[in-house]
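Here is what each chain is made of, one letter per residue.
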Amino acid sequence: MLITSCLKKCLQSYCVHKVPRAGFQSATKGGLILQSISQDVYQNLAFEDWIHDNMDLENRSILFMWRNSSTVVIGRHQNPWQECNLRAMRQNGIKLARRRSGGGTVYHDEGNINLTFFTARKKYERMDNLKLVVRALKTLRPQLDVQATERYDLLLNGIFKISGTAAKLGRTAAYHHCTLLCNADKFILSSVLKSPYSGIKSNATPSVPALVKNLFEEDPTLTCEMLMDAIAEEYATHHQTDRQIITINPADETEFPGIINKSRELQGWNWLYGKTPKFSISTCFPITDEQSCLEIKVNMDVKNGRIEACNIDVPQGWLSPAMRDELTSNLIGSKFCPSEVTAITTALLRICTDYTLYSKLDILCMKLITLM
């Protein structure tokens, strides 16, 4: 590692500094401890990909510590409509991200720490990493009752989940990443990790609900910075490496060539929604028409995030069959998202001269958008 001689002597305290990309490539053995200066989830996930794809981990391990602004992160094989409240997220500016790894859905904000452990695939061991985190927490606060489970979670007091796990195993490299709840906003967490959408049938990987708790609730003196320092120290001791936390900018294309394209892909619609396993939705909407209550039934098949088949059953005489068929015909092949459905119905409304028909089509559009 390209570190000046004076920095090498700093063995009793952390030296936060930045090294050029050449420094990573020249380190042949031991461990590296990296911390992101970014709170952009796409940049940080892209950096994980970059390390996995570009670094030789045969004789080296890496700990990457990072935090994000408010984001819901789903697993590679999950369905966002089943896992979270996309409507509430759009209204509150909360991002959606899809990991390269499997596992369940989690909420990130500045009060949650993300830890990524990189190794050669043959040295990959999730439980060792979790035990390292437990040792760090025990060293910092011996009274904490934290244990790793067979599901590779961390439980506080044997009940509350404070960390979830996911992993990616490549041909020669692997990484295991986990969360650590320090002082996350539990109100937002609980509100966005609850899907309001019903009638969905899918083979996507479902999340397993759990009671959660912040470490801050157990000990109000704890901060994210304290926890990261303790974990970094335990990691350095375990891997017999320098006690330096190296800060990195995951948006720096000069140091990490190709990383911007990786970040763009992760925030693109085709990855976020288009990678959703095929699913169907079957539901109905009550509507009020001239003081009577009617029902609209909707059945859709969605593949690669696009509407593959669509059937809308409206009460006889409420909407002309021609207008209904025109709407369903335009919906097929479109993205399963509010903006695209709005654009389709807006185009139909422009050519609608009958006010009553216009009103009914507008109501139907609003109902369809609630599915998304």
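None of these values were measured; they are calculated from a predicted model.

### Considering the overall build of the protein chain
Inference 1: Each helix and strand in the protein chain was counted, giving 14 helices and 16 strands.
Inference 2: Counting only C-alpha atoms and orienting by the principal axes, one finds that the protein chain spans roughly 85 × 45 × 30 Å.
Inference 3: Residues counted as buried form 50% of the 372 residues belonging to the protein chain.
Inference 4: The contacts in the protein chain between residues at least 6 apart in sequence include a share of 73% that link residues at least 24 apart.

### Quick notes on the environment of Leu34
Inference 1: Assignment of secondary structure puts Leu34 in strand β1 (residues 30-36).
Inference 2: Owing to a relative accessible area of 0%, Leu34 belongs among the buried residues under this scheme.
Inference 3: Put simply, Leu34 and Thr116 are 82 residues apart on the chain and 9.6 Å apart in space, counted from C-alpha to C-alpha.

### Some words on the side chain of Ser263
Inference 1: Tracing the backbone through its elements, the reader meets Ser263 in helix α10 (residues 259-266).
Inference 2: Taking the relative accessible area as the measure of exposure, Ser263 reaches 9% and is therefore buried.
Inference 3: Look past the residues within four positions of Ser263 in its chain and what remains in contact with it is Tyr42, Gln43 and Ala46.

### Quick look at unusual backbone geometry
Inference 1: Positive phi outside glycine occurs at Tyr152, with the angle close to 65°.
Inference 2: Within the fold, Tyr152 resides in the loop between β7 (146-148) and β8 (154-156).
Inference 3: What makes Tyr152 partly exposed here is its relative accessible area of 25%.
Inference 4: Positive phi is not limited to glycine here, since Gln240 has a value of about 50°.
Inference 5: The exposure class assigned to Gln240 is exposed, which follows from its relative accessible area of 74%.

### Digging into the packing of helix α12 (residues 321-331) against helix α13 (residues 338-350)
Inference 1: Packing of α12 against α13 brings their axes to within 10 Å, and their N-to-C directions diverge by 145°. Handedness of the crossing formed by α12 with α13: right-handed. Residues Glu326, Leu327, Asn330 and Leu331 of α12 touch α13, and the partners they reach there are Val341, Ile344, Thr345 and Leu348.
Inference 2: Its residues assigned to classes, the contact of α12 with α13 shows five nonpolar, two polar and one charged.

### Topic: the nonpolar core
Inference 1: Counting 74 residues, the largest nonpolar core has Ile312, Leu331 and Leu368 as its most contacted members.
Inference 2: Of all the elements, helix α3 (residues 41-54) adds the most residues to this core, at seven residues.
Inference 3: When near neighbours in sequence (up to four residues on either side) are disregarded, Leu368 contacts Phe285, Val298, Met300, Ile312, Leu327, Leu331 and Val341.
Inference 4: Judged by nonpolar contacts, the second largest core, of 31 residues, contains Ile33, Leu144, Leu222 and Ala230.

### Description of the packing of α3 against α10
Inference 1: Where α3 meets α10, the axes come as close as 8 Å, and the angle between the chain directions of the two elements is 125°. Taken together, the axes of α3 and α10 are oblique relative to one another. Our pair here, α3 against α10, has a crossing hand that is right-handed. Residues Tyr42, Gln43, Leu45, Ala46, Phe47, Asp49, Trp50 and Asp53 of α3 lie in contact with α10, whose contacting residues are Ile259, Lys262, Ser263 and Leu266.
Inference 2: Residue classes in the contact of α3 with α10 are distributed as seven nonpolar, two polar and three charged.

### Regarding the sheet that holds strand β15 (residues 292-303)
Across a sheet, strands are paired by hydrogen bonds formed along the backbone, either parallel or antiparallel in direction.
Inference 1: Strand order in the open sheet made by the four strands is β12-β14-β15-β16, with antiparallel pairing throughout. Taken across any chain shown, the strands that pair with only one partner, and hence form the sheet edges, are β12 (200-202) and β16 (306-313). Strand-to-strand, the axes of this sheet are offset by a mean angle of 15°, without reference to chain direction.
Inference 2: Sheet topology note: the strand β14 (residues 279-289)/β15 ladder contains eleven bridges and is antiparallel. Its bridge partner lying in β15, Ser280 is registered against Asp301.

### Comments concerning the pattern of salt bridges
Pairs may arise between side chains of opposite charge once their charged atoms sit close together.
Inference 1: Taken as a whole and assessed by the stated rule, the structure comprises 14 salt bridges.
Inference 2: Of the charged contacts in the structure, one is a salt bridge between Lys122 and Glu58, with a shortest N-O distance of 2.6 Å. You can see Lys122 sitting in the loop between β6 (112-120) and α6 (126-140) and its partner Glu58 sitting in the loop between α3 and β2 (60-66), a full 64 residues away along the chain.
Inference 3: Residue class for Lys122 comes out exposed when judged on its relative accessible area of 65%.
Inference 4: On the basis of relative accessible area, Glu58 is assigned to the partly exposed category, the value being 31%.
Inference 5: Residues Asp153 and Lys161 are paired through a salt bridge, measuring 3.7 Å at the closest nitrogen-oxygen approach.
Inference 6: Three or more residues joined by partner-sharing salt bridges are found here, namely Asp49, Arg100 and Glu265.

Rules used throughout
- Residues numbered from 1 in each chain as written.
- Predicted model: local features only at pLDDT ≥ 70, side-chain atom pairs only at ≥ 80, totals over all residues.
- Heavy atoms only, no water.
- Helix = DSSP H or I, 4+ residues; strand = E, 2+ residues; numbered from the N terminus.
- Buried < 20%, exposed > 50% of the residue type's maximum accessible area, 1.4 Å probe, protein only.
- Contact = heavy atoms within 4.5 Å.
- Axes fitted to C-alpha atoms, helices over the stretch in contact; angles between N-to-C directions.
- Left-handed = near helix turned anticlockwise from the far one by under 90°.
- Nonpolar A, V, L, I, M, F, W, Y, C, P; charged D, E, K, R; others polar.
- Core = buried A, V, L, I, M, F, W, Y, C linked by side-chain atoms within 4.5 Å.
- Parallel < 35°, antiparallel > 145°, perpendicular 65-115°, else oblique.
- Pairing = 2+ DSSP bridges.
- Salt bridge = Lys/Arg side-chain N within 4 Å of Asp/Glu carboxyl O.

Note that all results are geometric; they support no functional claim without further evidence.
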